[in-house]
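# Topology and contacts: notes
Next come the chains, spelled out residue by residue.
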Amino acid sequence: MQIKIHRGTHQIGGCITEIKTSLSRIIIDMGAELPSANKTACDFEIDGVTCGTPNCDAVLITHYHGDHVGMYEKILPEIPIYMGAVAKNIYGVVQKTLKTKLNQGNPQRVADFYEYYIGKPLFFGDIKVTPYIIDHSAFDAYMFLIESEGKRILHTGDFRMHGARGNKMPAVFEKYAKDIDVLIIEGTMLSRNSEKIITEHELGVQAKNLFAEHKNVFVLCSSTNIDTIAEFYNAAIECNKPFIVCEDDFQAEILRIVTQSTYSPFYDFSKQKVFSYAPNLNSFMNERGFCFIGRANYITKKTMECFPNSMLVYSMWKGYLDKTHAAFDKYKSEFLENAIKTGCQLEYLHTSGHSSSKDIEKICEITQAKTVIPIHCECPENFAKLNILGNLKILYDGEIYTL
Ligand SMILES: [Zn+2]
Ligand SMILES: [Zn+2]
């Protein structure tokens, strides 16, 4: 079996991994590069996958973040694309909205994605792939166990152990992902080590404290970071605060998909009404107070102007606000500056979607991986500082590793 990381050995995002035998060829993730990446050419091509004669059995997407799926439109139409069923629905809504608002994306292609399910193996010639759900800031995210020629590869995708599903993760690895020959594992946090990681549950407790002290609370977070939104939602219920979301029906639709997909009360967004914001809600919001899940956009900005001196919770990665960082986001930064000018009190409350060093060590230990290949990491060399028993193999983009 051969492994080739086309992209992602020395950067966060833009992930593309190939697994190949003499009979079969699959690709895991077809990610677009994040703004922080030292961009490889945007005309990046893989023969038989994005150009030439189709020569690939399937592209399997671990989760719906753009740095893992964003290049799906480049995949030759003859090649089937697979995604988790719920993730596909959420991504479909995102792509539909993108098409309507900016005439970008291809929602029809997303609707044609094949679906995979937890623990149900997929067969591509002599390659068997079994998806297992994993804890990440994207909902319905997966790792893949890939088996062929008597060998076992585990591709973690993006993961962490401190989200809503975090405490269940060690048992999942223990049960399904031991005796691994090659572990392809993300190492995002190895270059962001100074960040203190709180659990999503701790975030929820702090949200409740904020809601108890502040009547009007705006929250700036990703529309698809379901764990964090669920923590704010459940905290709002406990504090008897109306829960408002912005942007037509886009956010509410995503929360409906999540609610329908699970029996978990934590992810049940029908326990209390989710209001899609419209200006006619202003007097109700004024009377009752609220938790408003917003974005750095015009609607949120205008709404905040109607409620001066509110609390604004920034629940995203701090790097977006760092002018010295390549991922600096001018819109978010200007949005916050403007909010502070209008009298908003700013609070930072966020937790990472990625695994701590300790948890990376734990996974290496549980899986007993003989070889460890880092991806999704700006400094894969930092893996050498971890307490890992397996052989560390640092690849370069495009290099072939044979096992
Ligand atoms: Zn990622
Ligand atoms: Zn991700």
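Residues numbered from 1 in each chain as written. Chains lettered and ligands numbered in written order. Predicted model: local features only at pLDDT ≥ 70, side-chain atom pairs only at ≥ 80, totals over all residues. Heavy atoms only, no water.

### Topic: the overall build of the protein chain
Here is the rule: Strands are runs of DSSP state E lasting at least 2 residues, helices are runs of H or I lasting at least 4, and numbering of each runs from the N terminus. Restricting the calculation to C-alpha atoms gives the radius of gyration, and the globule rule supplies 2.2 Å times the number of residues raised to the power 0.38. Three exposure classes are used, based on accessible area relative to the maximum for each residue type with a 1.4 Å probe and protein chains only: buried under 20%, partly exposed in between, and exposed over 50%. Residue contacts are counted whenever heavy atoms from the two residues lie within 4.5 Å of one another. With residues, only the protein chains shown are counted as cover, and all accessible areas are computed by Shrake-Rupley using a 1.4 Å probe.
Of the regular secondary structure elements, the protein chain holds 11 helices and 20 strands. Taken against the 2.2 N^0.38 rule, which gives 22 Å for 403 residues, the C-alpha radius of gyration of the protein chain at 21 Å falls within 12% of a compact globule. Dimensions of the protein chain along its principal axes, counting C-alpha atoms only, are 65 × 45 × 45 Å. Per-residue burial for the protein chain yields a buried fraction of 58% across its 403 residues. Considering only contacts within the protein chain whose residues lie at least 6 apart along the sequence, 71% involve residues at least 24 apart. Element-wise, carbon and sulfur atoms account for 51% of the exposed surface of the protein chain, whose accessible area totals about 17000 Å².

### Thoughts on the coordination of the zinc ion (ligand 2)
Basically, it comes down to this: Metal sites are built from N, O and S donor atoms within 2.8 Å, or 3.2 Å for Na, K and Ca, and they leave out water, so they may look incomplete. Here the metal geometry follows the donor angles, with tetrahedral for four donors whose angles all fall between 85 and 135 degrees, square planar for four and octahedral for six when opposite donors are more than 155 degrees apart and every other angle is between 65 and 115, and irregular for all the rest.
Looking at the zinc ion (ligand 2), the protein donor atoms are His-63 (NE2), His-65 (ND1), His-136 (NE2) and Asp-158 (OD), and they sit 2.2 to 2.3 Å from it. The site at the zinc ion (ligand 2) holds four donor atoms, and with the angles between them running 92 to 162°, its shape is irregular. We note that the donor set of the zinc ion (ligand 2) lies within a single chain, spaced as H-x1-H-x70-H-x21-D. In this structure, the zinc ion (ligand 2) lies 3.5 Å away from the zinc ion (ligand 1), the two metals sharing Asp-158 as a donor. Residue His-65 is located in the loop between strand S4 (58-60) and helix H1 (66-69), and its partner Asp-158 is located in the loop between strand S10 (151-155) and helix H4 (169-176); the two are separated by 93 residues in the primary sequence. With respect to class, His-65 is no different from Asp-158; both count as buried.

### Here we look at the environment of Tyr-277
Put simply, the rule reads: Polar contact is defined as a pair of N or O atoms within 3.5 Å, subject to the rule that within protein one atom must be able to donate a hydrogen and the other to accept it, and that residues adjacent in sequence are counted only when both atoms are side-chain atoms.
Summarising the element assignment, Tyr-277 is placed in the loop between strand S14 (274-276) and helix H8 (282-288). Tyr-277 sits 22 residues away from Ile-299 along the chain, and the two C-alpha atoms are 8.9 Å apart. Discounting residues that sit within four places of it in the chain, Tyr-277 has contacts with Ile-244, Val-245, Cys-246, Asn-282, Met-285, Phe-292, Ile-299 and Thr-303. A polar atom in the side chain of Tyr-277 sits 2.8 Å from the side chain of Asn-282.

### Quick word on the packing of aromatic side chains
For clarity, the threshold we go by: Any Phe, Tyr or Trp ring, taking Trp's six-membered ring, that has another such ring centre within 6.5 Å forms a pair; planes under 30 degrees apart are called stacked, those over 60 apart edge-to-face, and the others tilted. Comment: the charge-over-ring label is applied if NZ (Lys) or CZ (Arg) is within 6 Å of the ring centre and within 35 degrees of the ring normal.
Following the criterion strictly, the structure yields 20 aromatic pairs and no others. Ring centres of Tyr-132 and Tyr-176 lie 4.4 Å apart, and the angle between their planes is 20°; this geometry places the pair in the stacked category. Placement of Tyr-132 in strand S8 (residues 127-134) and of Tyr-176 in helix H4 is noted, with a sequence separation of 44 residues between them. Among the residues examined, Tyr-176 registers a relative accessible area of 32% and is labelled partly exposed. Each ring, one from Phe-218 and one from Phe-292, has its centre 5.1 Å from the other, and the planes form 55°; the classification is tilted. Here Phe-218, found in strand S12 (residues 216-220), pairs with Phe-292, found in strand S15 (residues 290-294); they are 74 residues apart in sequence, far enough to count as distant. Phe-292 carries the same exposure label as Phe-218, and that label is buried. Among the aromatic residues, ring-to-ring pairing joins Phe-218, Tyr-277, Phe-290, Phe-292 and Phe-307 into one connected group. Lying across the ring of Tyr-331, Lys-330 places its NZ or CZ 5.2 Å from the centre. Here the guanidinium or amino end of Lys-332 rests over the ring plane of Tyr-320, the centre of that ring lying 4.6 Å away.

### Section: empty space enclosed by the protein
Remark: the empty space left among the atoms is shown by a probe the size of a water molecule rolled over them. To be explicit about the condition: Two kinds of site are reported from a 1 Å grid over the protein atoms alone, namely cavities, where a 1.4 Å probe fits but cannot get out, and pockets, open sets with protein on both sides within 12 Å along at least five of seven lines, and residues are called lining when an atom falls within 4 Å of a point. Grid points are joined across faces, edges and corners, and a volume is the space filled by probe spheres set on the points. Residues are grouped as follows: Ala, Val, Leu, Ile, Met, Phe, Trp, Tyr, Cys and Pro are nonpolar; Asp, Glu, Lys and Arg are charged; all remaining types, including Gly, are polar.
The full count for this structure, using the stated rule, is two cavities of 30 Å³ or more. In this structure, the largest cavity encloses a volume near 40 Å³. In this structure, the largest cavity is lined by Lys-301, Met-304, Glu-305, Phe-335, Asn-338, Ala-339 and Thr-342. When contributions to the lining of the largest cavity are tallied by element, the ones reaching two or more residues are helix H9 (298-306) and helix H10 (330-341). One number sums up the size of the second largest cavity: a volume of about 30 Å³. What lines the second largest cavity is Ile-134, Asp-135, His-136, Ala-138, Phe-139, Asp-140, Arg-165, Asp-227 and Tyr-267. Of the residues assigned to the lining of the second largest cavity, the class counts are four nonpolar, one polar and four charged.

### Comments concerning the sheet that holds S12
Our working rule: Strand pairing requires that DSSP identify at least two bridges connecting the strands. Between N-to-C directions, angles cover 0 to 180 degrees, with each direction set by a line fitted to C-alpha atoms, over the stretch in contact for helices.
Reading across from one edge, S14-S13-S15-S12-S16-S17 is the order of the six strands in this open sheet, with parallel pairing throughout. Edge positions in the open sheet fall to S14 and strand S17 (345-348), since each of these has one partner strand only. Neighbour-to-neighbour, the strand axes of the sheet open up by a mean angle of 25°, direction not taken into account. Here S12 runs beside S15; their pairing, made up of five bridges, is parallel. When the bridges of S15 are listed, Asn-216 appears paired with Phe-290. On the sheet, helix H6 (residues 226-238) packs against S12, strand S13 (243-245), S14, S15 and strand S16 (311-314) and is oriented at approximately 145° with respect to S13.

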